[in-house]
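The residues making up each chain are set out below.
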Amino acid sequence: MPEKTSSIEFAEDSQIWVLAERTGKQWDTITLELLQDAQVLAKKTGWKTLAIVFGKSEMISDQDCHQLAANGADKVLVLQHAEFGKPGSMMGYSQVLLDSMNGQSPRLLLCPSTPLWVEFACRLIGAWDGVIARDAISFKLTPDNKLEVIQSIWQNKGQMTISMSDDHPWCVCLKPGVAGLGKTKPQAKAQILRQDVSKKQTETVQTVELLPPNPSELDLVEAERIVAGGRGIQGVEGFKALEELAFLLEAAVGASRVAVDLGWVPYVRQVGQTGKIVKPRLYIAAGIAGASQHVDGMRDSEVIIAINTDKNANIFKIAHLGIVGDADTIIRGLIAELEAGGT
Ligand code: FAD
């Protein structure tokens, strides 16, 4: 565990710290959502927004940092080390941040509500004697200086409002894909601070092995990509192929209610009115008709690809790309293509 700092001081000029994360060459959407939310609060309070990035120096250019400014960051702190950026190696990051900030804490720390970042945030908040809300969907400052946070509960079927008093640092972990993106200021420039991190600081935790995610266990609500199947998948064997495709795309497996009722996949995989409401970047609907109850759960997906033998299937009305054909043949074709190194 990170050491508990003996005296907590809020950073000079109350600050909002935002954990910025990227996949490949792009900032994750949740990073931009967090910054835009931070900016709304900063405008009301006059607080400053600091984006914190853990990365290899060559992977985070000044231009990348200015993109964070376009979304609301006043300053960007890049904590640099060759080991940063490897998935799964972030558990030691909390101590690195505590060391870099000399015991100071923000008024508010904003993180994505994903398992690794929540763990990271819990370690910091423990050291700062702060309070934390995870699975948050929004937050606001009340006139008496409390932070009111709306949390999603019961797997998104309910909401709870909590109130955080102003005598502790706050941490809010926001669910990805809920806030959405607003306008940016493309000309904005961030003040960039770069700090090299010593090897000793990063050694707290070492990654021994990285296991690829199991598509049957990935949480549908948090997944960036979903490959979902319906009756047209025609059975458990068909779902095995679907799972293989999901594995290659690092996607979660989803299903229509019919596929669940037929016992091909467990209920936890059901998307729709009486299942999970999802909003991934990519949703592949294979052998799913597109009944309104299913569509209610996935219509906000960024890109929808539908595969169906019936060219008049409802799902094609909301799909960005439609493929008329046998789902099994197309899925196996995609698997072969991806295994051969296609993208
Ligand atoms: P079907 O309607 O049978 O459609 C199968 C599709 O597969 C067809 O379009 C067909 O052309 C296509 N197909 C067949 N063979 C192939 C092939 N070889 N290759 C490609 N395509 C093929 N449904 C949900 O999904 N989620 C919910 O949360 C949900 N909640 C509900 C709540 C209520 C109160 C009610 C009344 C219903 C709910 N339903 C829900 C059920 C919903 O109305 C539909 O019955 C269900 O979504 C249909 O599932 P499906 O598309 O897999 O099956």
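Here, every reference points to the structure presented above.
Here we summarise the structure given alongside this text. Quick caveat, the model's predicted, so the values are computed rather than measured.

## A closer look at the pattern of salt bridges
- In the structure shown here, the tally under the stated rule is 11 salt bridges.
- Here E237 makes a salt bridge to K240, at a shortest N to O gap of 3.2 Å. On the criterion of helical spacing, the pair formed by E237 and K240 is a turn pair, its members being 3 residues apart in helix 6 (residues 236-248).
- The exposed category is assigned to E237, whose relative accessible area is 52%.
- Taking relative accessible area as the criterion, K240 reaches 48% and is therefore assigned partly exposed.

## Quick notes on helix 3 (residues 93-100)
- Of all 8 residues in helix 3, 7 are buried; the element is thus mostly enclosed.
- Listed as buried for helix 3 are Y93, S94, Q95, V96, L97, L98 and S100.
- Positioned one or two residues after helix 3, N102 has a phi angle of 50°, which is positive.

## Topic: the site of the ligand
- Taken together, 25 residues form the shell around the ligand, and within it R231, S256, T274, A289 and N308 come nearest.
- A distance of 3.3 Å separates a nitrogen atom of the ligand from a polar backbone atom of T309.
- In the complex, the protein chains occlude 74% of the 970 Å² of accessible area that the ligand would expose alone.
- Secondary-structure elements contributing two or more residues to the shell around the ligand are helix 7 (257-261) and helix 8 (292-295).
- Along the lines of polarity and charge, the residues of the shell around the ligand split into 6 nonpolar, 15 polar and 4 charged.

## Some points on the nonpolar core
- Membership of the largest hydrophobic core comes to 33 residues, with the highest contact counts inside it found for I16, L68, V76, L108, L110, F139 and V172.
- It is helix 1 (residues 29-45) that contributes the most residues to this core, 7 residues altogether.
- Discounting residues that sit within four places of it in the chain, L108 has contacts with Q15, I16, W17, L41, F139, L147, W170, C171 and V172.
- Grouped together as the second largest cluster of nonpolar side chains are 26 residues, L98, M101, A121 and L124 included.

Rules and cut-offs
Residues numbered from 1 in each chain as written. Predicted model: local features only at pLDDT ≥ 70, side-chain atom pairs only at ≥ 80, totals over all residues. Heavy atoms only, no water. Salt bridge = Lys/Arg side-chain N within 4 Å of Asp/Glu carboxyl O. Helix = DSSP H or I, 4+ residues; strand = E, 2+ residues; numbered from the N terminus. Buried < 20%, exposed > 50% of the residue type's maximum accessible area, 1.4 Å probe, protein only. Near = heavy atom within 4 Å. Polar contact = N/O pair within 3.5 Å; in protein donor to acceptor, adjacent residues only side chain to side chain. Areas by Shrake-Rupley, 256 points an atom, 1.4 Å probe, with all protein chains shown as cover. Nonpolar A, V, L, I, M, F, W, Y, C, P; charged D, E, K, R; others polar. Core = buried A, V, L, I, M, F, W, Y, C linked by side-chain atoms within 4.5 Å. Contact = heavy atoms within 4.5 Å.

That's the geometry; what it means functionally is another story.
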